[in-house]
Structures are given as structure tokens and as C-alpha cells.
Amino acid sequence: MARPLHPQLLPFITSEGDAWDDLKAAHLLQRAGFGGTPAELAKVRQMGMEKAVDWLLDFPEAPIDEIQPGGGPDLSSIEGYPKNFNEQRKLFQGKTDQERMRLRQELQRGNREAMGKTMGWWMERMANGPYPMHEKLVLFWHGHFTTGAQEERRASLMWQQNELHRRMAAGNFREYVRQISRDPAMLDYLNNSQNKKEHPNENYARELMELFTLGRDQYTENDIKEAARAFTGWAHDGDEYIFRARDHDAGVKTFQGRTGNFNGDDVIEIILQNKACAPYIAGRLWNYFAFEPAEGDKEMLESLGNVMRENGWEMRPLLRTLLTSRAFYSPRAMGTQIKSPIQLVVGTVRMLDLDFPAFRLLHSQLNQMGQVPLAPPNVKGWPGGRLWINTSTLFVRYNTGVWLTGGEIPALIASRRGGAERTVKRADRREAEQNGGVVLRPEIAALDTPEQVADYWVRRLIQRPVEAEKIKTLAASLGGNAKNEAAVKKMIQLIVSMPDYQLC
Amino acid sequence: MQDFVSTRRLFLQRGMALLAVTPTIPTFLDQTVIGLLQQNDGSRVQAPTGKDGKILVVVQLSGGNDGLNTVSPYADDVYRRARGNLAHAADRVHKLNNYLGLAPNLPYFKELYDQGRMSVINGVGYPNPNRSHFRSMDIWHSAYPEKEVVTSGWLGRFFDNTCVGNDPHVGVSIGEQLPLSMKGERISPLAFERAESYRYTGKDAERYKDLNHDDAMVSAAAPSTRPVGAGRVVAGPKKKAEPVTSGAQLDFLHRTAMDAQVSSDDILRMTKQFAPAGQYPNTEFGNGLRTIAAMIAGGLPTRVYYVSLGGFDTHANQAPRHAQLMQELNNGIQAFWTDIRKQENEERVLMMSFSEFGRRVDVNASSGTDHGAAAPMFLMGPRVKAGLAGRHPSLTDLDQGDLKFSTDFRNVYATVLQNWLDTPSRPILGQQFATMNLVKG
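Reading the values: the criteria
Residues numbered from 1 in each chain as written. Chains lettered and ligands numbered in written order. Predicted model: local features only at pLDDT ≥ 70, side-chain atom pairs only at ≥ 80, totals over all residues. Heavy atoms only, no water. Salt bridge = Lys/Arg side-chain N within 4 Å of Asp/Glu carboxyl O. Helix = DSSP H or I, 4+ residues; strand = E, 2+ residues; numbered from the N terminus. Patch = residues over 30% accessible without salt bridge, like charges linked within 9 Å, V, L, I, M, F, W, Y side chains within 5 Å. Areas by Shrake-Rupley, 256 points an atom, 1.4 Å probe, with all protein chains shown as cover. Lys, Arg positive; Asp, Glu negative; His and termini not counted. Charge placed at Lys NZ, Arg CZ, Asp CG, Glu CD. Domains from an automatic or database assignment. Contact = heavy atoms within 4.5 Å. Buried area = accessible area lost by both parts, 1.4 Å probe. Polar contact = N/O pair within 3.5 Å; in protein donor to acceptor, adjacent residues only side chain to side chain. Nonpolar A, V, L, I, M, F, W, Y, C, P; charged D, E, K, R; others polar. Phe/Tyr/Trp six-rings, centres within 6.5 Å; stacked < 30°, edge-to-face > 60°. Buried < 20%, exposed > 50% of the residue type's maximum accessible area, 1.4 Å probe, protein only. Lys NZ or Arg CZ within 6 Å of the ring centre and 35° of its normal. Expected span 1.5 Å × (residues − 1). Pairing = 2+ DSSP bridges.

A. Spatial organisation of the pattern of salt bridges. For the coordinates displayed, the defined rule picks out 43 salt bridges over all chains. A salt bridge links A:R166 to A:E163; the shortest N-O distance between them is 2.9 Å. Taken together, the residues A:R166 and A:E163, both in helix α8 (residues 155-168) and 3 residues apart, mark about one turn of the helix. We note a salt bridge from B:R360 to B:D402, for which the minimum N-O separation is 3.1 Å. Of the two residues, B:R360 sits in the loop between β9 (349-355) and β10 (375-380) while B:D402 sits in the loop between β11 (387-389) and β12 (407-408), which places them 42 residues apart along the sequence.

See the structure below:
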């Protein structure tokens, strides 16, 4: 029988003085996506909360090739690459060392190119794709079930995993854990490919519990050893998962107090039965979408976790409860989140309807801000929160915003001032010069006074009230002429250089 | 002297009284004031003049530098046989003794060695060497070879454990991203590719400053720049965790923005005013070293600078590439020490170089070398116990074709931490590693 929801999770109900207004619509679109356009804001406001959340959660549980055939990234640079060990062997057969070396370099080059294409494609889909909440979840899971492109050089495997996240994003958590445990990129990243009966490797077993399902203090070191034995032989041959029976330890294991001839799926089942699992996942999702939970939120997260358990580990009901809850629209949530670098970039492109910038240039900015898609810093994923911000990254965030809204390209400015022309990569320079910055299409026709113009763009970009003094400063930057397009552009560059714009 | 320094001194002199009436001073300054009032060990805090603290400059050679062709056992027949055409001829190396010699393009290293300013530590590595660039680099950065998941580096933990307050200037790394080695749980040092890009690049800088400056901010209640939930605080009273409001986040951002502005102004001024005496290579590495020399000249209160030279992954046709890298390394370091000496900062600086691994003993079929294991490290500076340290690994007693290490890199780290940075190494390295006789008392 379903248990009653924690009071903080009950649906937000419009009451006097706390209406379903622009602020809440904007909040929902920021958190369950990357920020709303004026049209989306109007739509969500008009739909009301319940319908709006249903609409945002209405995306197909499918890989791109089913949603939109041929709509995936351009992977032509790895076309015909060996798909398994046999093909790989044939390719290298009968070649001299020199030829092999060249071939390896060629394969590496193709993989690097495809990896870059995948990163760029994905961000562009976040910005312009039809299902922002879908991609927002894919980004969450990528940082949760982490695999890093620094270590996994095979672009096909990173793309395959990205598609797994897309297929499972709001699906069944039990099935998700079973599938990610068979995902080739994951098997590589956490060394389960090397987990063999004779030499068990505990890396996957440890992170499966510590980071992916339970959190600390829910298992013993012995549990890790025994779980690792259960996962022995789970490996992959190129793009395909395979079970190597020869490497599997079929002996009896004792895990979390139970004894049996467990395999990996049995271990996953026992983990799911641990009471800490559902609240742990609920907490991770809560942290990503709402705010960092505190000690006092324990009961709320248990209640939210129950929503998933009671629905047979389906995640949509949990997500729906989260996005409609009172707590989600409380002051602890509204405007308190520091945008991740991806949120910042994608949101700027999306809210201003900009052309997506050349990823080659964007990559360097993202790297400096600390978040390159497909490349989290370690298995813990991205740390987030205030850790996004320091005196170095703040400048990069501001300067990236200025660049995206029509200002100069940071790499070029640096090279000019520094007199170190050679240090800017030639290809970047060429691309930047061809690109000539991003074109902004400001809509300024109907606005009369500088204050109105400033107010309009703050509403459109920051989507929360800012101090009156700041509006004055922005209005003053227009120099008395509300219709001057160049001046409006510069004002927009100021807006994205405000502390307020770093929050959502 | 420089504004930065005098501003700091001013705050230090006026202390809390100033804090009360000046609500908008940058966080790292007021944190430092609070820190100094609470500190129990003043010796670990960078002195406010910026002229008397010790400095460590780390030079990272990325890609796996070929140790055998950097410090070559030129007199060993095994070396000649294993390396064939790649081997340095005995008459071209700069001989350190009758067995080892420096690469032909390292004449300045030889000069330093002869002057008693350089120590060559042979055969440095760690148990069960990993041959993946990323993993092995992580191991050198974290100093935890046995841990798979590491989120902080040895220098980051040095900052966390010994630096009071939140001043990001305790460490400066030249490069796009802060390397893991410099990442602390509490302190986030500076990282930028070029000083020129460490600034706001929008057109309307005046209004930008207005929008990032909050007069209404009340200092007493202002949040620190310490990340919420980011590990333990070494100094300062323990505050009860409060829910983060939008306003608190905005205050945090405003203060970081003001910190950044002060810091950027200072660093840009220092680099602009700097007239180098040394001839720096016109490369990223050269520019990085020049920027570091400028910041040391400017009196930035930095304990650790970090700079990298990449391109050492020489799998094919190694000879010309490696020679070029050795030249760039040699010339950059020569220019740097020329400046540091002229500034009379020489006694304060220790330079340490490392690479994630050396290379295989045998040359491969493409006239290159593949990923290896143990390799030499260099320590430079007038306070270094000069000479050869560590046993040079045998060229015949190998581990899967690689040199066996004779010195664990953590012994070198422990030495640098204890004997140069004057801090206990155990809390930073997780266990006590024996120190070596590398630094003069």
C-alpha cells in the first residue's frame, strides 16, 4: 500500500500571494531543462504546473536513432573501425611495426574527431532539441554513472553509453543498473573487463555501491570483495557485452548478510533491497534538480525514494513528485542553484535563440570552466555548487557569456594582448575569424524607454527580479537610446556578466 | 611597493576595526585577517610583504619524458645497444660523472649542476607502475598510488593543511585547468593560461564593475568564499550549516567577483611592469615561466607555482622532437633563473621537475620509445643539496622491459614539504615517508 507523501512533497497549490506565476514557470524551465524561451515561458505559465510537468516529462524512452533516424552525431570519422577483437586483429594482421603504428595513430585521430563531434552534437541537442528535460537527465546520469572520455578513447563506446542514458533517463532504475553494469565503456572505465576469477578487480563493485546505488557506510569491505567475485567475467568484446564464463567465479558468496551462488544481477537485486538505495538515488536527483539536501531532509528523501520503490523502480513518478512538490518551489530552491558551465552555455544559446557556436572554440572555454561533456574529472562526476566558482572560473564564465552574445572570442583577445600570437592554435584562429562571433537578433521594436529595454532583457535572461540599482545601471548603458541595436547588444553582454545570471 | 602588498599590509595593521567599517573588502583579505587573529602557527603563513616566504615552482613534463635520454648512462654498453641511433654519443653529453651525462641540449642544467644548484634524483617511480598517461599522472598528482578515486592533490592538501584563510593566491597554475595536484578540498588556487586572459574582456568594464560590486553587502554576515560542504575547515570557528538562500549565493558571487577584480588588476599590473632579463622561448612554456617570474617579482604571496611543458609522448621518430623539447626546457629555465637571480629572490625559490613516467629501455621499430616507468627528477635552486641522489636503475634488471624505481616519488615530496615548505608531510601524504638529503638546512 502506498504510504502518504512527506508534507514537503505534496503538490504546490496556488494560494493567495503565491500564484503559479512567471517566476515559478521560469524556475521549472531552468531546472527541468536549460532555461525557457519567451514562448515556452508563456506556454508553461498558461498550462499550469501539473500539465507543464507532464509536458516536460513527455519524451520518448528511446535512443536517437529511433526518435529521429539519422539525427545522431556525425561519426563518419570512425566508420568501418573494428567492432570487435577479431576485426581488430585482422586489421593489424601482416603489417609491419611501422604500419601498425601509423594505423594506430589513424584510429586514434578518427576517435578523437568523433568524440568531439559527439560532445558538440549533444550540447547542441540540449540547446535546440525537442526534449530539454530528457537531455537534462542524460547529463545527470552521465555524471552519476560516470565514464570519462579521457580514459575511454573509443568514441563508439562513449556514444553507445550516451544513448543508454538517453534510453533509460526516466525509465526503470533496476533495469538501468543492470544495463550500465554491462555497458562496455563502464566495464572499461571501472576495470571490470579485468575482473577475473583468478585476479578479482574490485573497482566496479566498490563504486557500484559507494557512488551508484547506496552511498557510504552501507556495506563492508568484505561485501565489496564478494560483489567483485559476482561480477567476474562481465566483460566486452569491442562494442558488445559478453559474459566470459571461464573468468567467472561460480563459487558461493556472502553478500550483505546473504549467502548463495550470486552473479552480478543477484548482487544488484540485493543492493536494491537495501533500504538506503532508493533514498540515496532520490537525494542525488533532489540535489541536481532542487537543492543540496541537509540532514533535516532525510525523511523527505525517504518518502521520495518510496515513490520509486512503490512504482516498481520506475523513475517517472519520482520525477513528477519532485517537480510538482512544494519544496521544489520554496525559497530554498528558487534562484539558489549555481549554473553548471553546460547550463550556462546551453541556457544562453537557448534563451537568446543563438546559433550554436563552433564546439572547437567552446571546448576550451568549457575546459577552463571545469565541465567538458563526456569528460567528468573523476568517477565522482562533477562536484558542482559553489565549487564551480572561483576567481579564475568566474572570469571565464563572464567572458564566455560576452563572447556568445556577440563579444570577442576570448582566445583571440588573449593572443593579441599577450603578443604571443603563436600560442593560439592556428585552427582555432581560422575558425574564429570565419565565425566572426555569434550573431544576436535582439527584439527591441516595441520598447520605448531604456528602463523598459533593460527590464525586458533581465526578465528574458535572469528571469528573476534584480536590484533596482542594477536596472538603472543597465538602462544607463544604452545612452538614452532604446532603439540602438549595438547598444542593446552591449547591454546584453553586461547582463550575462552579472552575478545574478550565474544563478537559476 | 606594489599596491597589492600595501593593501594587504593595511588590512593587517588595521585588522578587525577596518573590517567593521569596510564592508566590501575582498574575501580573501578579510579571511586572512581573521585567520591571522586565530592562527596558532604563524610560520606557515606567507608573510604579508611577499618577499620572505619560500616558493616552490613545479615543472611538469607531460607525456612521459624519456629519462634515459635526459640523464643518459652514456658509458653503459647496454644503453648504446638498447637505444641504437637514439643513444646520445659520449662526446656530446654533459658529463656528470664517468657514467651519467645530461642531454646535449641541457647546457644550462650542467651549469647549475657545476654551480651546486641542482640535484639529479635518479630512478624515481612508485610500486606497480601504471603505463596509462592519465592514471599515472593522477598517481603523481594525488600521491596516492593505491587509491582509484582521488579528488585532491598533494599540493592542494598542502594548501588545505597549512594556509589560513581563503586566499586563492597561495597557488598559481599556468594552464587552462587547475591540475589535480593543486586541487584542495578547501582552497582553490588560481589557474589561467595567460595572465592577459585572467580579466574581464567585455567592453563596458566600468559598468561591469558596478554590477559586480555590492555596496549593501554587510561584512559581518557575509558568507565566505569557502564552498558549501567542501570539506573540513582547518582554522576558524565551526559554523552551523544553514540552508543556502538565493541572497547568500548572490553575496558569494559578488564577493568572488570582487576578489577576482583585485587579483586580476594586480597580476596584470605585475606582468605588464615586468621587464625580463632572461630570454624566454616564445612558447606557452616560456610565457608561463616569464609570467611566474613576473609574479614573484611583483610580490604575490604565492607558495607554489605550477607550469607544464607537453609533447613528451615520443613514440615515433623521437630524436629531433626530444632534442627540441630539451632545448625549450633548458632555455626556459635559464631565462627564469636569470630573472630570479636578478630580482634577488633566488634564495626563496626551489624548482622541481617530474614526468608521469619515463620510457621503455629499448627503442621501438619507429625510432621512438614506448611508455616506461622510473625516470629522473630535478631539483634546482641555491638551497638544494647539489649532486646525484638516488641509485641509477640497472639497465639489465628490468620489470617488463622497464627500469625499476629506486626512489619513491613520495620520498621526494616528503622532503620538499618538510625541508622546504616547512610543513609535516604525513597529513598530506597519508603516511610518513622518509625524507632525503636534498635541501640544505
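Now that the structure is up, let's keep going.
B. A look at a negative patch on the surface. Together, A:E467, A:E469, B:E206 and B:D210 line one region of the surface with negative charge. Along the chain, A:E469 falls in helix α23 (residues 468-476).

C. Looking closely at the domain arrangement of chain A. Residues and elements named next belong to chain A. Domains assigned within chain A are domain 1 (19-50), domain 2 (59-170), domain 3 (341-433) and domain 4 (442-502). The C-alpha-based centres of domain 1 and domain 2 are spaced at 33 Å. The partner domain 2 presents 6 residues to the 5 residues of domain 1 that form the contact. Taking both sides of the interface into account, the surface hidden between domain 1 and domain 2 amounts to around 440 Å²; carbon and sulfur atoms contribute 69%. At the surface where domain 1 touches domain 2, the tally comes to 3 residue pairs in polar contact (both at pLDDT 80 or more). A breakdown of the residues in the side of domain 1 that touches domain 2 according to their chemical character gives 2 nonpolar, 2 polar and 1 charged.

D. Up close: the packing of aromatic side chains. Taken as a whole and judged by the stated rule, the model has 34 aromatic pairs over all chains. Consider the rings of A:W141 and A:F173, whose centres lie 6.2 Å apart with planes at 35°: the pair is tilted. One end of the pair, A:W141, is in helix α7 (residues 132-144); the other, A:F173, is in helix α9 (residues 173-180), and 32 residues separate them in sequence. With relative accessibility at 0%, the residue A:W141 sits in the buried group. Residue class for A:F173 comes out buried when judged on its relative accessible area of 0%. Taking 4.9 Å as the distance between ring centres and 90° as the angle between the ring planes, the aromatic pair formed by A:Y288 and A:F289 counts as edge-to-face. Accessibility assignment for this pair places A:Y288 and A:F289 in one class, buried. The side chain of A:K136 reaches across the aromatic face of A:Y288, ending 5.8 Å from its centre. In this structure, B:K147 is placed above the aromatic ring of B:Y144, and the distance from its NZ or CZ to the ring centre is 4.4 Å.

E. Up close: the environment of A:A446. Along the chain, A:A446 falls in the loop between α21 (426-435) and α22 (450-461). Sequence spacing of A:A446 and A:K483 is 37 residues, and the spatial spacing of their C-alpha atoms is 9.3 Å.

F. Main features of the interface of chain B and chain A. Listed by partner, the interface residues are 58 residues for chain B and 58 residues for chain A. Buried area between chain B and chain A, both sides added, is near 5,200 Å², and the carbon and sulfur share of it is 59%. In terms of surface lost to chain A, no three residues of chain B exceed B:E176, B:L211 and B:L253, which account for 13% of the buried area on that side. For B:K203, the salt bridge is made with A:E408, and the minimal N-O distance between the two is 3.2 Å. Our count for the contact surface shared by chain B and chain A stands at 19 residue pairs in polar contact (both at pLDDT 80 or more). Elements represented by at least two residues in the side of chain B that touches chain A include exactly β7 (190-192), α7 (205-211), α8 (246-273) and α9 (284-298) of chain B. Taken together, the residues of the side of chain B that touches chain A sort by class into 23 nonpolar, 21 polar and 14 charged.

G. Here's a closer look at helix α11 (residues 409-420) of chain B. All names here are of chain B. Along its 12 residues, α11 runs 16 Å from first to last C-alpha, staying within 8% of the 16 Å computed at 1.5 Å per residue. The element α11 is largely enclosed, with a buried count of 10 among its 12 residues. In the stretch just after α11, D422 is the one whose phi turns positive, near 55°.

H. Up close: the pairing of β10(B). Residue and element names in this part refer to chain B. Counted residue by residue, β10 has 6 buried out of 6 residues, so it is predominantly covered. Here strand β5 (residues 118-125) runs beside β10; their pairing, made up of 5 bridges, is antiparallel. Within β10, the position partnered with I121 by the bridge is M377. Two elements, β9 and β10, share 3 bridges in a ladder whose sense is antiparallel. Bridge pairing in β10 places M351 opposite M380.

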